[in-house]
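# A structural walkthrough
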Amino acid sequence: MKKQFLFSLIVILPLIYSCNNRANDTNNISIAYSDMSIDSLISLKNGFINKYPDINIEIKEFKDASSINYLLNHNKLDCDLVAFEEFNDSIIYSSKLGSLNRFEGLNKLRNDMLTHIKDNKGNIYSLPSVGKLYCNILNLDLFNQYDIPIYNTIDELKNIPNIEGKEIFTSTFTNSMLDCLMQLSIPTFLSSVEGIKFLNDYYDGIVSIKDTKYEEIYIDIFSNLYHLYQKNFFAPILNKGDTHLFYEGNAFINSIVYNENANKILGEKNVNFSYMAYPFVGYTSFDKWVAAKPQFYLSVVSSSLKEKSDSIFNLLNYFLSVDGQQCLITLENNELLTNSYSYLKDFQFQLYSPYSSLKPYIDSGKVYIVDTIRSVYFKIFDPIIKYLNDDIGMENL
């Protein structure tokens, strides 16, 4: 009897250990990331484990996005989730990711973001972090000094006079003339009535930018931008983004991109003029818009979604909660990312100076997702290049 008991114990103990080990493993979650600040992920992790102390999160850094994508594509990525910097990567490698269509937290997101994160079959493989804002900063003292009214449309922007010793526009968001024109023209197109119709049809896969009607509108927008180009409106961009001219008080407008925090930069530069954040403009005063780029997109590796669904869905629910969003904009030293914007439809997000002046445009839904701009950009690159070279003659862009 004693021998039989010992034999049974020898057989059962490994099974008990194996079951306990699997149970513990389902409470261990790892997130792969690269090419971005880890601060927000650490803050999210700390907030989450305070609420779910039984679940452990490990954040794994990789050399670059291509390393993550390669391992993911070959089923060798030893992580449960991926923080993609670029949305398109989550679409390219969607066959390796778990579908989130049945995730109940999706109803917390704004409709424009829900539309954006669907692939052409209506599947969702990633969730957006908070967005970082793109906008313009105006030197109000210069506008007042030269008695120039604040512009509300492209036509009014075109009419800002050239003043000796002053630049109209500076920016760090591109060193390419072509990129500048594309990034300004696409949102201008999308903010028009026809552009909105195009975008809806574009997502349904039934329209192309090459359709004559849309191409004519687009070329008209380019003509306006070319007028600005002729006035040296974009000259500082060709000089590698001479933003110091703006901070020294010698430029009217400066574009701020998602990886720049205007509040922090303006403080560090000790500017001595009045300023305000201002949207980009379109054909009418109702076409003003700002843009934002999510810090990252969170996706789940398909095998992990099956094995660790409870822990992972707890994390995703926290990610799209008010507390989770607050963590994403609060760094370890309690510094706030004041250039951030939430895609949750019911989250009362506070905008800090100088971004607070953008609230009316954000509340009206005029916030364009930069990744949307990029996806449209790639599809129309060739015909626009041809137009620029053949019709405008900008051969050396």
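Now for a description of the structure that goes with this document.

This part is about the side chain of Asn136. Structurally, Asn136 can be placed in strand β5 (residues 131-139). Every residue in contact with Asn136, bar those within four places of it in the chain, is listed here: Tyr151, Phe169, Ile253, Asn254, Ser255, Met276, Ala277, Tyr278, Pro279 and Phe280.

Moving on, we come to the pattern of salt bridges. If you walk through the whole model with that rule in mind, you get three salt bridges. Between Asp78 and Lys60 there is a salt bridge, with its nearest N and O atoms 3.5 Å apart. Here Asp78, found in the loop between α3 (65-73) and β3 (81-84), pairs with Lys60, found in strand β2 (residues 56-61); they are 18 residues apart in sequence, far enough to count as distant. A residue is classified by how much of its surface remains accessible, and Asp78, at 60% relative accessible area, is exposed. A salt bridge links Lys308 to Asp80; its shortest N-O distance comes to 3.1 Å. Placement of the pair is Lys308 in the loop between α14 (302-307) and α15 (309-319) and Asp80 in the loop between α3 and β3, with a sequence separation of 228 residues. With relative accessibility at 7%, the residue Lys308 sits in the buried group.

Turning our eyes to something else, we now look at the packing of aromatic side chains. Going through the model one piece at a time under the given rule, you end up with 14 aromatic pairs. Geometrically, the ring pair formed by Phe48 and Tyr318 is edge-to-face, given 5.9 Å between the ring centres and 65 degrees between the ring planes. Here Phe48 is found in helix α2 (residues 39-51), whereas its partner Tyr318 is found in helix α15, with 270 residues between them in sequence. Residue Phe48 is classed as buried on the basis of its relative accessible area of 0%.

Calculation rules
Residues numbered from 1 in each chain as written. Predicted model: local features only at pLDDT ≥ 70, side-chain atom pairs only at ≥ 80, totals over all residues. Heavy atoms only, no water. Helix = DSSP H or I, 4+ residues; strand = E, 2+ residues; numbered from the N terminus. Contact = heavy atoms within 4.5 Å. Salt bridge = Lys/Arg side-chain N within 4 Å of Asp/Glu carboxyl O. Buried < 20%, exposed > 50% of the residue type's maximum accessible area, 1.4 Å probe, protein only. Phe/Tyr/Trp six-rings, centres within 6.5 Å; stacked < 30°, edge-to-face > 60°.

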